[in-house]
Each structure stands twice: as structure tokens, then as C-alpha cells.
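Summary of structural features
What follows is the residue order along each chain.
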Amino acid sequence: VKLIWKGLGTKRVGLPMMMDDDYFFDEEDALTSIYPDNLDESFDIGGLSRVTKDQFRRGCDPQGIRWDQINITRSTYRNQRLLQYENYENLDDSARPRPHSSLKAEIDSHVTNRGHSFYEFENSEKQARANIVHFQLRNLVWATTSHDVFVTQAEDIQHFSYVTNKLTPILSRFEDSKEKISLDALHMSTMCVQGSICVAGGFFGDLVCVKLPSDIHSDDFTRASSPDTGKVLFSEKITSDENAITNSILLQESKQGALEAVITNNDSQIRILDVDNSFREVNRMHFPWPVNFATLSPDRNLVCVLGDSTECMLMDVTTSRRVAVCDMHLDYSFAAAWHPDGNIFATGNQDKTARIWDRRMMRCLATLGGRLGAIRSLRFTEDGRYMVASYRSLRCLTPFAGHGRARRLRPHLRRQGSI
């Protein structure tokens, strides 16, 4: 977690897209990969560990990078990065239904205006840094409140509070955790936190559920006050497949109000488990390709499923039957999100596009082009006015069609998913 932003009200002209790549860089890439010869031996590669709003207003870099200590400016590096970055794709044009160049006409037909201001800088904090163990999997940061953030660090999950400025380990603090969890073998690839429940998945089909300790703030006081608070509730392998990496976990309530975990794995299955009932398996669906992400619709009748395919499938949760197939992307997909009205959903792909779909007509409403790389995470805001897409270190904020003046927007990390 590096930057916290406060939302600003703004007028919308047409359908603008705000790109904040002016602010987000990977300082290690900037200072060691592209310009290694410009580094002084005394240069602090980590820069400042914390940057406040006042420091930023006085000209300090928002990520604390000490550009003054090297022979390069931020704008120069930004331009070099855009020129040299190569997006990773699994398919080449010979394996696609049409060439990648065909996307340009679709993207250009959806006019976007840049330069609108949606956020102002609040602060930057480097204590809580997420470890990315697989470059394609970025669901490694969650927040339960506007000031409580959870990130994966090495073989642990850390909680950071912006109120106390304190970083607290979650798994390793339990005396019996090493007996219940093989931390050396877990190799966390994804995790999710909701209320007082934290669930993490690993490279080898491991699944671990922890009831957060009572001294860590939760927005779900009913679950937090239960006798199991601060305990490891579940730790098992949910698949024995050789290719068992856990790609995503989402905690969502069922129609009956029970907390369920929607889990996708490389064994080409999604599993829906009842968290409140000892992780009893509620449903399991099989697919012809490894599944990278799945999310339930707001009415919980459908699940949007995508993976190592150009296809995206809508499945009936009750019958497990396929309702529809969307097949306009040109590479593998890793992100999806439902609009709050339940009729619109979005998909993100390694072809550097996010597509907006209407499930009633199964028609693609818009193709939004990313600027740098694959779309790894998507979220709509609660009021449905905005959609946020993340790719590598960059984000785009797109006001959703059909709304006029934008209201004040306070981002909550749990809505955005990965950072």
C-alpha cells in the first residue's frame, strides 16, 4: 500500500478517463533496471518511508523517490517506461480469432477525455508492502475500513492501521499457527478479507482461514465478538491436482446471508464454500480451462467466470448451467466486476482492454483500452458511477455512462481489490 487519495468532486464532459500514471512508479525498476549507471553508491533505493500531504505540496515525490540524487527526472523516466515496457501475453496472433491490431478501431470508437482531477494526494506509506509471488495474480491487498489495510508479506499477512501507524502480523502471531499451517509450503498467491474473516490461498491448493484478533478493528462486530476470534478456523488442501495454484478468493454473502468463499484454481474449477459452516462445499463447477477469477452477481443468481481463455462465461449458481458466453477478448482474462444494478458487468484481459457488457442482451457496450499492460483488477463504486481498473502499477478511473455530475468519491480499498 503506497498511496492514499481523497476524492474530489468534478464535472464530467462526455465519458472521460483519468490516468494516474503520473504518480505510480516502481522505484526499483526506475532506479536499477533502466538507469543502473546513474546510481550513486550512497543512494537510498527505498527513498522516504513516508510522505505527507504537506511534503508533497512542497515538491516531495509522492512515493518518496529521491530523484535529486540521480541524474534523471521523474518525467524522463515516465516517458522511458512507457516506451520500453512490454506487456506479457499468452497468445500470439496465430492463436487468436483476429489480430491484436483490430482492437484499435473498437477502442477509438469510445472517445475518452483525459486530464480530469478525481483525487488529491493524501499520504504515502511504505511500511505495508505487498509481496507479489506471481506477476499475474494481484489480489493481495484488502481493506475492511478506510484506515485498516491487509497485505501479504513473505509467508504472512500483515495488518496496517493508518490510525496507530502500526504493522501487525496476522498468521505468525498465533501460537498454534505453525501446527495448523505449513507456512513454508503455503506460498500465498491470493487472499481476501471481509469483516473479521481473512482467507488466503497458496500455490499448491492450500486454503487458510483466520478469525482476526479482537484487538484489530473490524467493521463486522458480530463476527468479531465470537469465541473463535483470533483463531485459525480452517487449514486444508482443497485440491490435489498437480496444477493447483489458487488464483482468486472472494468473500460474498449468499441469498440467505451466509458468508461464502468463491475460490478459483488452476485445476479448472471454482468452489463455493460456506465459511460459517466449517467451509462446507456448497457448489463446484468444472471448466475446460484454468479459472483465474469468479464473482457472484448482486442477486447471487449468476457467477461470472474467466480464465486461461478468450472466453468469459456466465453460469447459473443454482443449476451450474452455462447461461451465456462472451468471447471478444484476445488473450487470457484475470479480472471481472459487476455493476451494482446487476445488469452490467466488466471483464479485464491481458490484451490491455476492459470490456463493459450488458447481460440482458449479451452485448459489449464499450471497449476501454489500457495504456501500459494487462488489466489485472476491476471494481465498480457502490453507486455505480465509476469503474476502476488496475494494471501493474497504474490505474484508470472511468465515470460510467448515463450519469451527469460526479459526486465526491472516497475510495475504499476493499472496493478496488488489488493495488
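All of these numbers come straight from a predicted model, not from anything done at the bench.

1. Notes on the sheet that holds strand E11 (residues 206–211)
- Pairing is antiparallel in the open sheet, where 4 strands are placed in the order E9-E10-E11-E12. Edge positions in the open sheet fall to strand E9 (188–194) and strand E12 (232–237), since each of these has one partner strand only. Along the sheet, successive strands turn relative to each other by an average axial angle of 10 degrees, direction set aside.
- As judged from the 6 bridges shared by E9 and strand E10 (residues 197–202), these two strands associate in the antiparallel manner. In the strand pairing of E10, Val193 is matched with Cys198.

2. Quick notes on the sheet that holds strand E23 (residues 353–358)
- The strand order across the open sheet formed by 4 strands is E21-E22-E23-E24, and the pairing between neighbours is antiparallel. The strands lining the two open edges of the sheet, one partner per strand, are strand E21 (333–338) and strand E24 (363–369). Averaged over neighbouring strand pairs, the angle between their axes works out to 20 degrees when direction is ignored.
- Two strands pair when backbone bridges link them, and E23 and E24 are joined in this way by 6 bridges, in the antiparallel orientation. Looking at E24, one finds that Trp357 is bridged to Cys364.

3. Details of the environment of Ser390
- Mapping Ser390 onto the fold places it in strand E26 (residues 386–391).
- Given a relative accessible area of 5%, Ser390 falls into the buried group.
- Measuring from C-alpha to C-alpha, the distance between Ser390 and Ala374 comes to 8.5 Å, with 16 residues separating the pair along the chain.

4. Here we look at the nonpolar core
- In this structure, Phe150, Ile157, Val199, Leu207, Leu251, Phe279 and Phe345 are the most contacted members of the largest nonpolar core, which totals 44 residues.
- For Phe279, the contacting residues outside a window of four places in its chain are Val199, Leu207, Cys209, Phe234, Leu273 and Asp274.
- Among the nonpolar cores identified, the runner-up in size contains 15 residues, and Ile344, Ala354, Ile356 and Ala389 belong to it.

5. Some thoughts on the pattern of salt bridges
- Throughout the structure, instances matching the rule amount to 17 salt bridges.
- In this structure, Arg96 engages Asp331 in a salt bridge whose closest nitrogen and oxygen atoms are separated by 3.1 Å. Of the two residues, Arg96 sits in the loop between helix H3 (74–84) and helix H4 (103–108) while Asp331 sits in the loop between strand E20 (322–326) and E21, which places them 235 residues apart along the sequence.
- Residue classification places Asp331 among the buried residues on the basis of a relative accessible area of 0%.
- A salt bridge links Glu106 to Arg355; the shortest N-O distance between them is 2.9 Å. Here Glu106, found in helix H4, pairs with Arg355, found in strand E23; they are 249 residues apart in sequence, far enough to count as distant.
- Through salt bridges with shared partners, one network takes in Glu89, Asp93, Arg96 and Asp331.

6. Focus on the pairing of strand E8 (residues 166–169)
- Sheet topology note: the strand E7 (residues 156–161)/E8 ladder contains 4 bridges and is antiparallel. Among the inter-strand pairings, Gln158 is bridged to a residue of E8, identified as Pro169.
- Connecting the antiparallel pair E7 and E8 is a turn made up of 4 residues, with Asn165 showing a positive phi of about 60 degrees.

7. Some words on the confidence of the model for the protein chain
- Looking at the protein chain as a whole, its pLDDT mean stands at 77, while 75% of the residues score no less than 70.
- Averaged over each element, pLDDT in the protein chain is lowest for helix H8 (residues 413–416) (32) and highest for strand E18 (residues 302–307) (97).
- Counting interchain partners and residues more than four positions distant, the pLDDT-below-50 stretch residues 217–225 has 23 contacts.
- Long-range and interchain partners of residues 393–419, a stretch whose pLDDT sits below 50, account for 107 contacts in this model, where long-range means more than four residues apart.

Rules used throughout
Residues numbered from 1 in each chain as written. Predicted model: local features only at pLDDT ≥ 70, side-chain atom pairs only at ≥ 80, totals over all residues. Heavy atoms only, no water. Pairing = 2+ DSSP bridges. Helix = DSSP H or I, 4+ residues; strand = E, 2+ residues; numbered from the N terminus. Axes fitted to C-alpha atoms, helices over the stretch in contact; angles between N-to-C directions. Buried < 20%, exposed > 50% of the residue type's maximum accessible area, 1.4 Å probe, protein only. Core = buried A, V, L, I, M, F, W, Y, C linked by side-chain atoms within 4.5 Å. Contact = heavy atoms within 4.5 Å. Salt bridge = Lys/Arg side-chain N within 4 Å of Asp/Glu carboxyl O. pLDDT = per-residue confidence, 0-100.

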